[in-house]
Amino acid sequence: SSSSSSSGSSSSSSSSSNSKKELESLVDLGHEIAYSRAVVPNPNAIFVNVGMGFHVEFTLEEAIYFINRRVSYLTNDVLAGRIEKVETVANHLKDSLAIMKSLDDEFQMMRL
């Protein structure tokens, strides 16, 4: 079967890296649950999911550049920010547990 566009992200590999005569791809059929193998006979350009439901037509070189930049952004900026937020929440939980223990200790002293 062949497809010229996809409804989601596609991971692709060219069967011949220099000739670019044929492109094989896994196409997301919906919600990253089911995929179908697709062959594009002459891929001068491909559509890449750039997020928020938008797809942009790129040459293969542009797509590779975009994907590398996107991976770098997600790894260095987004992931780092989320790790910082998780550490903040973890510290708040530790502080809350310490306060609760202190209150419990005071309560136990009052009962004696």
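Residues numbered from 1 in each chain as written. Predicted model: local features only at pLDDT ≥ 70, side-chain atom pairs only at ≥ 80, totals over all residues. Heavy atoms only, no water.

1. Considerations on the pairing of strand S4 (residues 46–51)
Stage number 1. Here five bridges tie S4 to strand S5 (residues 54–58), and the two strands are oriented antiparallel to one another. If you follow phenylalanine 47 over to S5, its bridge partner there is glutamate 57.
Stage number 2. Counting the residues between successive antiparallel strands, the hairpin from S4 to S5 contains two residues, one of them, methionine 52, with a positive phi of roughly 55°. (Pairing = 2+ DSSP bridges. Helix = DSSP H or I, 4+ residues; strand = E, 2+ residues; numbered from the N terminus.)

2. A short note on the side chain of aspartate 28
Stage number 1. Position of aspartate 28 relative to the elements: it lies in strand S2 (residues 23–30).
Stage number 2. No salt bridge is formed by the buried aspartate 28, whose closest oppositely charged neighbour, arginine 70, lies at an N-O distance of 14 Å.
Stage number 3. Within the local environment of aspartate 28, its side chain forms a polar contact with the backbone nitrogen of glycine 30, the two atoms lying 2.8 Å apart.
Stage number 4. Within polar-contact distance, the side chain of aspartate 28 engages the backbone nitrogen of glutamate 32 at 3.1 Å. (Buried < 20%, exposed > 50% of the residue type's maximum accessible area, 1.4 Å probe, protein only. Lys, Arg positive; Asp, Glu negative; His and termini not counted. Salt bridge = Lys/Arg side-chain N within 4 Å of Asp/Glu carboxyl O. Polar contact = N/O pair within 3.5 Å; in protein donor to acceptor, adjacent residues only side chain to side chain.)

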